Amino acid sequence: MFYSCSTSHRIDTTLVKVYEKDQNIRKAAMELTRSVSQGNNMLVDSLVKITNEMNQIDEENIIIVEDILKNGIPEKLSKQSYETIWLVIDHASLEKQEKYLPIIEEMNSREILSKNRYAILYDRIAMKRNRPQRYGTQTIQIVSDNTIQNYVWPVENPDILDSLRISLNLNSIAEYIKIISEKTGIQTIYNPEISIEDI
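Conventions used here
- Residues numbered from 1 in each chain as written.
- Predicted model: local features only at pLDDT ≥ 70, side-chain atom pairs only at ≥ 80, totals over all residues.
- Heavy atoms only, no water.
- Pairing = 2+ DSSP bridges.
- Helix = DSSP H or I, 4+ residues; strand = E, 2+ residues; numbered from the N terminus.
- Salt bridge = Lys/Arg side-chain N within 4 Å of Asp/Glu carboxyl O.
- Buried < 20%, exposed > 50% of the residue type's maximum accessible area, 1.4 Å probe, protein only.
- Polar contact = N/O pair within 3.5 Å; in protein donor to acceptor, adjacent residues only side chain to side chain.
- Contact = heavy atoms within 4.5 Å.

(A) Focus on the pairing of strand β1 (residues 139-144). Of the pairings in the sheet, the one linking β1 to strand β2 (residues 147-152) comprises 6 bridges and is antiparallel in character. Bridge assignment links Ile 142 to a residue of β2, and that residue is Gln 149.

Here it is, written out as structure tokens:
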């Protein structure tokens, strides 16, 4: 077991470290991805290496979070700790994501998580299961003619997408693709006519 006592302070302290590991490796990976997308092919090997490191960190982090959740959702954690629990589950394997989706839904209903966290995890699972997403939170990178493009994964009902997103305090899909494009340095495309088969 990871904890000699299960005080909220001890869990908060542990989850601060978990959060830092998760975010630091992802920031480094994003910088490398941006460089590779801009034509710096010398960094491809470094990108593969950092991706493997990120996967290892994700596996270590989910073990910690599972230990924290073994007796249910802990009480009186900081808001950041609840967000970190979600973040680790969001970055875990499909099996773990599906296992803990009801816990994330409960945390949302108890308002100890940001309103959109359940939606993001729901969409991630749908994409991994090769199904349309509901809330338009997930993208996929496709390489064509030596160019990387980011596509919003197909959605169930494009006609109500923006209203669903706004109800969860998410940006409109147009604002979202602009933000993602700027953040990654990769053009992001949303075309409601594109199917999963097309992707």
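(B) How the structure looks around the pattern of salt bridges. Within the structure shown, the criterion is met by 13 salt bridges. Glu 60 is paired through a salt bridge with Lys 21; the nearest N and O atoms lie 3.2 Å apart. Note that Glu 60 is positioned in helix α2 (residues 44-69) and Lys 21 in helix α1 (residues 8-37), a separation of 39 residues in sequence. For Lys 21, a relative accessible area of 35% gives the class partly exposed. A salt bridge links Glu 75 to Arg 110, with the nearest nitrogen and oxygen atoms 3.1 Å apart. Here Glu 75 is found in the loop between α2 and α3 (79-90), whereas its partner Arg 110 is found in the loop between α4 (94-109) and α5 (117-128), with 35 residues between them in sequence. A relative accessible area of 52% means that Glu 75 is categorised as exposed. In this structure, a network of salt bridges that share partners links the residues Asp 22, Arg 26 and Asp 58.

(C) Seen up close, the side chain of Gln 149. With respect to the helices and strands, Gln 149 occurs in strand β2. A polar side-chain atom of Gln 149 sits 3.0 Å from a polar atom in the side chain of Gln 187. Apart from residues no more than four positions distant in its own chain, Gln 149 is found in contact with Ile 140, Gln 141, Ile 142, Ile 186, Gln 187 and Ile 189.

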